[in-house]
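Spelled out from the first residue to the last, the chains are:
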Amino acid sequence: MVKENVMSIADQLIQQGREEGRQEGRHEGRQEGRQEGRQEGLARGSLIGRIQTCQELLNQPVTPLADLEQRNPSELETLWRELQTELRRRLA
């Protein structure tokens, strides 16, 4: 009987430790995810700003923010490179 109680207490402590570990892991994962999301958002916003600035300097219609936000990162990079190339060509 004592042995069963000791095992039961040990099992409870193990289960409690596992649950605390899972909760801590979820918390840390959410924090890391938020940080990565912020960094990606800042990089994306910066790229969109560069695109719109190049369009303004080239006297082109500025693509609305909502339209640029719908594009994937590779499309934004391609557009920015094209605008940058055109701007350099005109300034040369």
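Each remark here, short or long, concerns the structure printed above.
Please read all numbers here as calculations on a predicted model, not as lab measurements.

Rules of the game
- Residues numbered from 1 in each chain as written.
- Predicted model: local features only at pLDDT ≥ 70, side-chain atom pairs only at ≥ 80, totals over all residues.
- Heavy atoms only, no water.
- Helix = DSSP H or I, 4+ residues; strand = E, 2+ residues; numbered from the N terminus.
- Expected span 1.5 Å × (residues − 1).
- Buried < 20%, exposed > 50% of the residue type's maximum accessible area, 1.4 Å probe, protein only.
- Arc of directions from axis to C-beta.
- Polar contact = N/O pair within 3.5 Å; in protein donor to acceptor, adjacent residues only side chain to side chain.
- Salt bridge = Lys/Arg side-chain N within 4 Å of Asp/Glu carboxyl O.

Caption draft 1: Here's a closer look at helix H3 (residues 73-91). The end-to-end C-alpha distance of H3 is 27 Å, a good match for the 27 Å that 19 residues give at a rise of 1.5 Å each. By the burial criterion, the buried members of H3 are Leu 76, Leu 79, Trp 80, Leu 83 and Leu 87. The buried residues of H3 occupy one face: seen down the axis, they fall within an arc of 100 degrees. Looking at H3, the residues exposed on the side facing more than 90 degrees away from the buried face are Ser 74, Glu 82, Thr 85, Arg 88 and Arg 89. Measuring from the backbone nitrogen of Ser 74 back to the side-chain oxygen at the start of H3 gives 3.0 Å, which picks out Asn 72 as the cap.

Caption draft 2: View of unusual backbone geometry. For Asn 59, which is not glycine, the phi torsion reads 55 degrees and is therefore positive. Tracing the backbone shows Asn 59 in the loop between helix H1 (2-57) and helix H2 (65-69). Classification of Asn 59 as exposed rests on a relative accessible area of 71%.

Caption draft 3: Expanded view of the pattern of salt bridges. Enumeration over the complete set of coordinates arrives at 5 salt bridges. Here Arg 26 ties to Glu 19 by a salt bridge, and the two come within 3.6 Å at their closest N and O atoms. Using a relative accessible area of 30% as the deciding quantity, one classes Glu 19 as partly exposed. A salt bridge links Glu 86 to Arg 90; the shortest N-O distance between them is 2.9 Å. Of this pair, Glu 86 and Arg 90 are both found in helix H3, 4 residues apart, which corresponds to roughly one turn of the helix. One salt-bridge network, held together by shared partners, links Glu 19, Arg 22 and Arg 26.

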